[in-house]
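One letter stands for each residue in the lines below.
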Amino acid sequence: MWKGRIMDAIMLAAGNSTRFGENKLLYLLDGKPVYRYMLELLYQKQKEHRLRYVVVVSQYEEILNDVRQHFKGVRAVRNPEPERGISGSLRLGLACIMGQGQEHVDAAVPGGAVSGACLFAVADQPGFSVLSLEKLLDFWQAHSYGIVAAGTAVADAKHDSSVELKNPVIFSSAYYQELLSIIGDAGGKLRMSEKMSVADYQKAADFVWIEADGAKHLPCKVPIETEPVIPVESDIVVGVAGMDALNMPLEAVCFRKEKAMELLVVRKDHRITEEDLAKILFSRQGTRKGVGSREYYIVLNKCEDAGLRERAGRIRELLLRAGAEHVACISCRQHFLNK
């Protein structure tokens, strides 16, 4: 049973890797070919019925044979003319999911309803995470936008903010015929610019969420001089910390540990306390840096059990006494497990 509106996916893996100096897609990264990282993510989502069909378009027999042998249900499509640009791979993939059965397509999807949208992914993104993919799919399911893309907030020397669009990108089926008409190496960029201002997104959406600062998957962080990148158009800033930082050595759980040591006046082996986490979250040198007069919300995440919820409650009291107005204690993990 499909989970929500039907979506297909096409992975583009036909590039020549001219700048890399060798076949980037077949390059072994931690013992695994680069293309396998994205392919395995999409395959997992297909098995979970988040994606209906997954199509891989490539000029490389090594990749196509791997798909045929090890990824049951994934379509392998050969691109015999990769020099014509990414649009050729895009058309071959779309023809496959639309059941048009063009030449060189190993297995066109027979008949069936046209999907509501197609996710286009490139094969050279080994760092793209399953969480990011799930967020992208969830966002599309929850909204009716024609185009949804991953993006990164950027700012220039004048602090003018914009959003740089990244892959993967989701196109509604309303654009399929237009995408089929694209030629050359432009891909879907004929339909979306590489950079759109935050104001452009504000006109199109009820809410625009931007990750202004990352923490390398650690539960807390103290920013350096150039962080965070908060667009001037922002109305609300949300500071997040994980309760799994408590009682752990600072160097193990806090990104930018040198800045954290300066802020807390402790050594790197100092174990994080409730008071420490409250200070990091509310200090203008910590998570509240750059907030200014905007509304500031604090989220204490990973309150996984009664003990952590009780400790989060004590941190909340410390924050409220310090002047914080909005503090939430949550468990995203339990929320998703209970969905």
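Residues numbered from 1 in each chain as written. Predicted model: local features only at pLDDT ≥ 70, side-chain atom pairs only at ≥ 80, totals over all residues. Heavy atoms only, no water.

Trainee: Can you lay out the overall build of the protein chain for me, pointing to particular residues and giving the numbers?
Mentor: For the protein chain, the count of helices and strands is eleven helices and 14 strands. Within the protein chain, buried positions represent 42% of all 339 residues. A separation of at least 24 residues holds for 67% of the contacts in the protein chain among residues at least 6 apart in sequence. Counting every atom, the protein chain has about 18100 Å² of accessible surface; 51% of that belongs to carbon and sulfur. (Helix = DSSP H or I, 4+ residues; strand = E, 2+ residues; numbered from the N terminus. Buried < 20%, exposed > 50% of the residue type's maximum accessible area, 1.4 Å probe, protein only. Contact = heavy atoms within 4.5 Å. Areas by Shrake-Rupley, 256 points an atom, 1.4 Å probe, with all protein chains shown as cover.)

Trainee: So what's going on with the pairing of strand 5 (residues 75-78)? Which residues, and what values?
Mentor: Here strand 4 (residues 54-58) pairs with strand 5 via four bridges, running parallel. Within the sheet, the bridge partner assigned to Val55 lies in strand 5 and is Arg75. In this region the chain leaves strand 4, passes through helix 2 (residues 61-70) and returns to the parallel neighbour strand 5; the handedness of that crossover is right-handed. (Pairing = 2+ DSSP bridges. Right-handed = clockwise from strand over helix to strand, strands pointing away.)

Trainee: Let's hear about the pattern of salt bridges: which residues, and what values?
Mentor: All chains considered together, the criterion is met by 20 salt bridges. Among the ionic pairs, Arg316 bridges to Glu317, the shortest N-O distance being 3.9 Å. According to the relative accessible area criterion, Arg316 is partly exposed, its value standing at 32%. Glu317 sits in the partly exposed class, given a relative accessible area of 39%. (Salt bridge = Lys/Arg side-chain N within 4 Å of Asp/Glu carboxyl O.)

Trainee: Give a description of the side chain of Asp8 that names residues and reports values.
Mentor: Its location among the elements puts Asp8 in strand 1 (residues 7-13). We classify Asp8 as buried; its relative accessible area is 0%. Looking at Asp8, its side chain comes within polar contact range of the main-chain nitrogen of Tyr53, at 3.1 Å. (Polar contact = N/O pair within 3.5 Å; in protein donor to acceptor, adjacent residues only side chain to side chain.)

Trainee: Go over the nonpolar core with me, naming the residues and quoting the values.
Mentor: In terms of nonpolar packing, the biggest core is built from 32 residues, with Met7, Met11, Leu42, Val56, Leu119 and Ile170 touching the most fellow members. Contributions of two or more residues to this core are made by strand 1, helix 1 (34-47), strand 4, helix 2, strand 6 (117-122) and helix 4 (130-142). Examining the composition of this core, we find that six residues originate from one element, helix 1, more than from any other. Those residues in contact with Leu42, other than ones at most four positions away along the chain, are Ala9, Met11, Leu51, Val54, Leu119, Ala121 and Leu133. Core analysis: the second largest hydrophobic core is formed by 31 residues, Leu263, Leu264, Ala312 and Leu319 among them. (Core = buried A, V, L, I, M, F, W, Y, C linked by side-chain atoms within 4.5 Å.)

Trainee: Help me get a handle on helix 2, residues and values and all.
Mentor: Within helix 2, burial applies to Ile63, Leu64, Asp66 and Val67. Burial along helix 2 is one-sided: seen end-on, the buried residues are contained in an arc of 160°. Summarising the contacts, the buried residues of helix 2 are in contact with strand 1, helix 1, strand 4 and strand 5. (Arc of directions from axis to C-beta.)

Trainee: Summarise unusual backbone geometry; cite the residues concerned and give the values.
Mentor: In this structure, the amide linkage connecting Glu227 to the following residue, Pro228, adopts the cis form with an omega of -10°. In this fold, Pro228 is placed in the loop between strand 10 (220-221) and strand 11 (236-242). At Arg256, a residue that is not glycine, the phi angle is positive and equals roughly 60°. Secondary-structure assignment places Arg256 in the loop between strand 12 (254-255) and helix 8 (257-264). Residues other than glycine seldom take positive phi values, yet Val265 does so here, at roughly 55°. In this structure, Val265 sits in the loop between helix 8 and helix 9 (274-282).

Trainee: Before we move on, can you summarise helix 4 with the specific residues and values?
Mentor: The terminal C-alpha atoms of helix 4, which comprises 13 residues, lie 18 Å apart, in line with the 18 Å expected from a rise of 1.5 Å per residue. Those residues of helix 4 not exposed but buried are Leu133, Leu136, Leu137 and Trp140. Along the axis of helix 4, the buried positions cluster into a sector of 95°, meaning they face one direction only. Exposed residues lying more than 90 degrees from the buried face of helix 4 are Lys135 and Ala142. (Expected span 1.5 Å × (residues − 1).)

Trainee: Could you give an account of the sheet that holds strand 11, with specific residues and numbers?
Mentor: If you trace the three strands from one edge of the open sheet to the other, you get 11-13-14, paired in parallel fashion. A strand with exactly one partner marks an edge of an open sheet, and here the two such strands are strand 11 and strand 14 (326-329). Going across the sheet, the axis of each strand differs from the next one's by a mean of 20°, ignoring polarity. Bridge count between strand 13 (residues 295-301) and strand 14: four bridges; the pairing is parallel. Across the sheet, the residue bridging to Ile298 is Val327, located in strand 14. (Axes fitted to C-alpha atoms, helices over the stretch in contact; angles between N-to-C directions.)

Trainee: Lay out the environment of Ala174 in plain terms, naming residues and giving numbers.
Mentor: Looking at where Ala174 falls in the secondary structure, it is placed in the loop between strand 8 (161-172) and helix 5 (176-180). Each C-alpha atom of the pair Ala174 and Gly116 lies 8.2 Å from the other, and the pair is 58 residues apart in sequence.

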